[in-house]
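Listed below are the residues making up each chain.
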Amino acid sequence: KESKAEIENQHTEIKSSINYAKRIQEAILPSNTLIEKYLKNSFIYYQPKDIIAGDFYWLHILPEPNGWDVTGDTILFSAADCTGHGVPGAMVSVVCNNALNQSVKEFGITQPNLILEKTRELVVETFSESIENVQDGMDLALCSLNFKTKELQFSGANNPLWIIRNGEIIETKGDKHHVGKCDLMPKFTNHKFKLKTGDTLYIFSDGYVDQFGGPKGKKFMSAKFKKLLLSIQDKTMNEQKEMIKNNFNQWKGSLEQVDDVCVIGVKI
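Because the structure is predicted, anything quoted here is derived from the model rather than measured. (Residues numbered from 1 in each chain as written. Predicted model: local features only at pLDDT ≥ 70, side-chain atom pairs only at ≥ 80, totals over all residues. Heavy atoms only, no water.)

In this structure, F56, F77, M138, L152, L161, L201 and I264 are the most contacted members of the largest nonpolar core, which totals 53 residues. Those residues in contact with L152, other than ones at most four positions away along the chain, are C143, S144, L145, L161, I163, H191, K192, F193, L195 and L201. In this structure, W162, L229, W251 and V263 belong to the second largest nonpolar core, which totals 19 residues. (Core = buried A, V, L, I, M, F, W, Y, C linked by side-chain atoms within 4.5 Å. Buried < 20%, exposed > 50% of the residue type's maximum accessible area, 1.4 Å probe, protein only. Contact = heavy atoms within 4.5 Å.)

What follows is the structure in structure tokens.
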């Protein structure tokens, strides 16, 4: 039998490996400095289920900043949800994050639906080199926002975009296929909007609405999330983030978190 000390030693080693993996994963996420500079008046609520996550958020500035002196006209940003969570989810997230970067930086693609199609091609290519039949991939909402013209483009793989305007939610659903291996490899739709000052837009993974909790231990669901977002529209983006976070923790109570959570809000 393995001694207690040996098991404890193994546990410590595994934990320190995972903590190191967390540092690597955090390094591929956009820095707070970058977000505060380019995605003004926004918040990102990111709450992994485990130490490392299958959810990630992504940001890219167009044109490419030359150092820190260029103000990007257009910001590409995304909330992505990869297959699984914990270690397997995190490994898939690295592949998917790289594919997004490659689509934009290497192939110079800037239109959201075309980015999703190229990213899917790259993800499928990466996994097809394995003998195993890897079906992994990601659901995501991807936005391209020009702050000067207030033009927004959106494309989604299973995940929606919500725009709140004058106390109402304008919901645009994502296409019903993921970024990964599909039989027919259908195209993604590109949606265009002209935003108005005061609009707030939200993209998110499904971890928040799928969380069990409340008095009956039920899922939080989209309808409640819509009500919550509508009820906090008079608050600053920092306050909104705190309220969304507190609400999640209250709802969850003593129950286990079921999935990674990522919610991005941007006020125009």
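Taken together, the side chains of F212, L255 and V258 define a hydrophobic patch exposed on the protein surface, amounting to about 210 Å² of accessible area. Along the chain, F212 falls in strand β11 (residues 212–213). A relative accessible area of 34% places F212 in the partly exposed class. (Patch = residues over 30% accessible without salt bridge, like charges linked within 9 Å, V, L, I, M, F, W, Y side chains within 5 Å. Areas by Shrake-Rupley, 256 points an atom, 1.4 Å probe, with all protein chains shown as cover. Salt bridge = Lys/Arg side-chain N within 4 Å of Asp/Glu carboxyl O. Helix = DSSP H or I, 4+ residues; strand = E, 2+ residues; numbered from the N terminus.)

Here we come to the layout of surface pockets. Here the largest pocket defines a volume of roughly 320 Å³. If you trace the largest pocket, you find 13 residues lining it, with I35, E36, F43, I44 and K241 closest to the centre. Taken together, the elements giving at least two residues each to the lining of the largest pocket come down to α2 (32–38), β1 (42–47) and α6 (237–252). Ranked by residues supplied to the lining of the largest pocket, first place goes to β1 with 4 residues. When its residues are assigned to classes, the lining of the largest pocket shows 7 nonpolar, 4 polar and 2 charged. (1 Å grid on protein atoms, 1.4 Å probe; cavity = no way out; pocket = protein on both sides within 12 Å on 5 of 7 lines; lining within 4 Å. Points joined across faces, edges and corners; volume = space filled by probe spheres on them. Nonpolar A, V, L, I, M, F, W, Y, C, P; charged D, E, K, R; others polar.)

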